[in-house]
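# Structure at a glance
This is what each chain is made of:
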Amino acid sequence: MTDLAATALEPEAGPRPTAEERWRALRTVSRGDVIYRSVLTVLALLLPLMLLLIALELVANAWPALAKFGAGFLVHSVWDPVQGQFGALPLIFGTLYSSLVALAIAVPLALGCAIFLTEFAPRWLRNPVGTLIELLAAVPSVIYGLWGIFVLIPLLRDHVWHTARHVLGWLPIFSGVFYGPSVLAAGVILSIMILPYIAAVSREVLLAVPPSQREAGLALGGTRWETVWRVVLPYGRAGIIGAVILGLGRALGETMAVTMVIGNRHEVSASLLQPGYTIAAAIANEFSEAVSDVHLSALFLAGAVLFLITVVVNALARVLVWRVARGSAVGSTAV
Amino acid sequence: MHGRLARKLLGSTMTGVTYGAAALAILPLAVILAMLLFKGAGSIDWDFFTKAAVPLGEKGGGFSHAIVGTLIIVGLACLVGVPIGVATGIFLAEFGGGRVGFGIRFVADVLNGVPSIVIGIFAWTWLVKPMGRFSALAGGVALGMILVPILARTTEEMVRLVPNSLREAALALGYPRWRTSLVVVVRTAAAGILTGCLVAVARVAGETAPLLFTALGNQFFSTRLNGPMAALPLQVYTYALGPYDEWHRQAWAGALVLIVLVLALSLFARAVVRAKRQHA
């Protein structure tokens, strides 16, 4: 009894902690914190690992074709699975050509949308219109393809081409007979698909331009348009270029819609009206029916080229967009 | 240099042009939706949701196998993609200030831009080739890999919206950091994270390319995870490219169901996020 009472009266048997020790105890991270942070870090590190694995796997599978064709793969245009000859020039050309056509159509429109949404639209109209444009990005690729086959191509063939050939037929890019599936059809579909991405990122970039810039432009006597054109756009230039490059990245890798409307022919033609082919479309069409190991490997090599191009393009776009809207998740949440 | 009137005229013209650009950008959405309703709605009936595809030449049949397949494959994708993606997002928001965070954010954005067909052939080399068969599982993993970078970035943004005062209040009450983060910060952001998941799921549900060499597609009703499985976008693709009018008719109907699914998910998610943001 007495012992117990004695201990109860003297709770701390050892020397009392100094103030410094108490501070240290406050500062030490609890074990839970260490575990929490480590688990999150490990999971987050899976992303770089994923990127690395994709790259390694592509290169490993592409190796036989790379060893056989070397750099010639990029410049030869014969794609003959039966003879085992593979050159990806038409694929690379078609990928770039259709994407550039898409950019030519989409960039002015997307910029117009972004300017409209940030500068000119009445406030009540901004969110609804912005949402509608973003919804374009939610439409699945295969639906664009379906629409392309049954609506856009007949429209281009029966109406647009007949009038356009009289006016523009002398241009090399409009030469030849138009049957429907073509680089033009692919470019138009792609432009619709990438427009929301370019518009959304440009919009975020323009929103990040400080209001003081606009006020300064207006204070100097500029009209609202002059302020947008000479002050706001130049201020956000890097970010807008980033947005365009981001759209390019989307267009380069787009598969289904392009496969359905581009005509899928291994040929290099300057005419927009002729069928073409893209890397992604070739993989989609030929991968499961590859006739030989070298055919499969050639498709992997084409895929590796596409991967490399899109990684470079996206990295570049990111750096440019970040320069304007630093750190914020611009673009990735917009769509 | 320029007359006052000319400058004003240019200003109003260009304002009009941007109105026109916005209208022209929305036009395809309206046209596509109208076409889908016009061409697809007539073919949607009870059979469409309850029956699988029928052999060529027979009339009727439906998309039940594809609808169920899409649900299963997307479910698998969530199992794979949501934990990794959301955890990465929380990491980026809570501990992502340093170099590692910067690097992972960058990698997430680059991964986001990797073409889905490339993810598809990657999943093929990892799952289809070693297993020796096409499978719904491989399709789910491929879609899950696409989910990860999208979710990482949306989750990060949602967690960042949580006001710092909440964090400080929890720490002041003596919560360790991990509990503050999980119980206070992440739970506050939970609705936002969930809607981010919905938007991402809506996007991958419409993906076709990664499924071409993984889930492959199937004309029959199947729920076996280690065998080929149908999916809505795959079925629409096959039917759209086929030579038969009956197939085209069903492709439009399938596309209508797909787009209703996708748009409903993303619109719902957007509405929630917007309400949330106005709240915060």
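Residues numbered from 1 in each chain as written. Chains lettered and ligands numbered in written order. Predicted model: local features only at pLDDT ≥ 70, side-chain atom pairs only at ≥ 80, totals over all residues.

Looking now at the overall build of chain B. Broken down by element type, chain B carries ten helices and zero strands. Starting at the N terminus and walking to the C terminus, you meet the elements of chain B as α-α-α-α-α-α-α-α-α-α. Reported as C-alpha extents along the three principal axes, the dimensions of chain B are approximately 70 × 65 × 35 Å. Per-residue burial over chain B gives 52% buried out of 280 residues. When contacts within chain B are restricted to residue pairs at least 6 apart in sequence, long-range pairs at least 24 apart make up 73% of them. (Helix = DSSP H or I, 4+ residues; strand = E, 2+ residues; numbered from the N terminus. Buried ≥ 20, exposed ≤ 12 C-beta atoms within 10 Å, placed from the backbone. Contact = placed C-beta atoms within 7 Å.)

Turning our attention to the confidence of the model for chain B. Taken as a whole, chain B shows an average pLDDT of 91; of its residues, 98% reach a score of 70 or greater. The ipTM assigned to the predicted complex is 0.93, against a pTM of 0.91. (pLDDT = per-residue confidence, 0-100.)

Helix length check: helix α8 (residues 177-205) of chain B (29 residues) gives 36 Å between terminal C-alpha atoms against 42 Å at 1.5 Å per residue, more than 12% under. Of all the bends in α8(B), the greatest, near 55°, is centred on B:Ala190. (Expected span 1.5 Å × (residues − 1). Bend = angle between axes of the 7 residues up to and from the residue.)

Taken together, the contact pairs 69 residues of chain A with 74 residues of chain B. Examining the composition of the side of chain A that touches chain B, we find that 16 residues originate from one element, helix α3 (residues 31-69) of chain A, more than from any other. Tallied by class, residues from the side of chain A that touches chain B come to 45 nonpolar, 18 polar and six charged. (Nonpolar A, V, L, I, M, F, W, Y, C, P; charged D, E, K, R; others polar.)

Residues and elements named next belong to chain A. Counting residues in hydrophobic clusters, the biggest one holds 204 residues, and the most contacted among them are Cys113, Ile189 and Ile198. In terms of residue count, helix α8 (residues 183-207) provides more of this core than any other element does, 18 residues in total. Setting aside residues no more than four positions away along its own chain, Ile189 makes contact with Tyr144, Gly148, Leu152, Ala257 and Val261. (Core = buried A, V, L, I, M, F, W, Y, C linked by C-beta atoms within 7 Å.)

What follows concerns the domain arrangement of chain B. Accessible area lost on assembly of the parts is the figure often given for the size of an interface. Residues and elements named next belong to chain B. Annotation of chain B at the domain level lists domain 1 (4-43) and domain 2 (48-279). Between the C-alpha centres of domain 1 and domain 2 the distance comes to 30 Å. Listed by partner, the interface residues are six residues for domain 1 and eight residues for domain 2. Split into classes, the residues belonging to the side of domain 1 that touches domain 2 amount to three nonpolar, two polar and one charged. (Domains from an automatic or database assignment.)

Glancing now at the environment of A:Ser38. Assignment of secondary structure puts A:Ser38 in helix α3. Each C-alpha atom of the pair A:Ser38 and A:His295 lies 44 Å from the other, and the pair is 257 residues apart in sequence.

Looking now at the packing of helix α7 (residues 141-168) of chain A against helix α9 (residues 232-241) of chain B. For any two helices packed against each other, the geometry is given by the interaxial angle and the distance between the axes. Their axes nearest at 10 Å, the elements α7(A) and α9(B) cross at an angle of 20°. Comparing the axis directions of α7(A) and α9(B) gives the class roughly parallel. Between α7(A) and α9(B) lies a crossing whose hand is left-handed. Across the interface between the two elements, A:Val142, A:Gly145, A:Leu146 and A:Ile149 from α7(A) touch B:Pro233, B:Val236, B:Tyr237 and B:Ala240 from α9(B). (Axes fitted to C-alpha atoms, helices over the stretch in contact; angles between N-to-C directions. Parallel < 35°, antiparallel > 145°, perpendicular 65-115°, else oblique. Left-handed = near helix turned anticlockwise from the far one by under 90°.)

With that settled, the discussion passes to unusual backbone geometry. Most peptide bonds take the trans configuration, and most residues that are not glycine carry a negative phi. We note that A:Asn264 has phi near 55°; this positive angle belongs to a residue other than glycine. Along the chain, the position of A:Asn264 falls in the loop between α12 (256-261) and α13 (279-286). Phi is positive for B:Leu216, close to 70°, though the residue is something other than glycine. Here B:Leu216 is to be found in the loop between α8 and α9. When the 21 C-beta atoms within 10 Å are taken as the criterion, B:Leu216 is described as buried.

Interpretation of this model should avoid reading the predicted coordinates in detail wherever pLDDT is low. Residues and elements named next belong to chain A. For chain A, the average pLDDT comes to 88, and 90% of its residues sit at 70 or higher. Low pLDDT, under 50, characterises residues 1-11; the predicted model gives this stretch zero contacts beyond four residues in sequence or across chains. Taken as a whole, residues 327-335 scores under 50 in pLDDT and shows 27 contacts with residues more than four places along the chain or in a different chain.

All right, on to the packing of helix α11 (residues 237-253) of chain A against helix α14 (residues 293-324) of chain A then. Residue and element names in this part refer to chain A. Between α11 and α14, whose axes approach to 7 Å, the crossing angle comes to 160°. The pairing of α11 with α14 is recorded here as roughly antiparallel in orientation. Every pair of crossing elements has a handedness; the one defined by α11 and α14 is left-handed. On the side of α11, the interface is formed by Ala238, Gly239, Ile241, Gly242, Ala243, Ile245, Leu246, Leu248, Gly249, Leu252 and Gly253, while α14 contributes Leu306, Ile309, Thr310, Val313, Asn314, Leu316, Ala317, Leu320, Val321, Arg323 and Val324. Of the residues belonging to the contact of α11 with α14, the class tally is 15 nonpolar, six polar and one charged.

Moving on, we come to the environment of A:Glu286. Tracing the chain through its elements places A:Glu286 in helix α13. Separated by 252 residues in the primary sequence, A:Glu286 and A:Val34 have C-alpha atoms spaced 49 Å apart.

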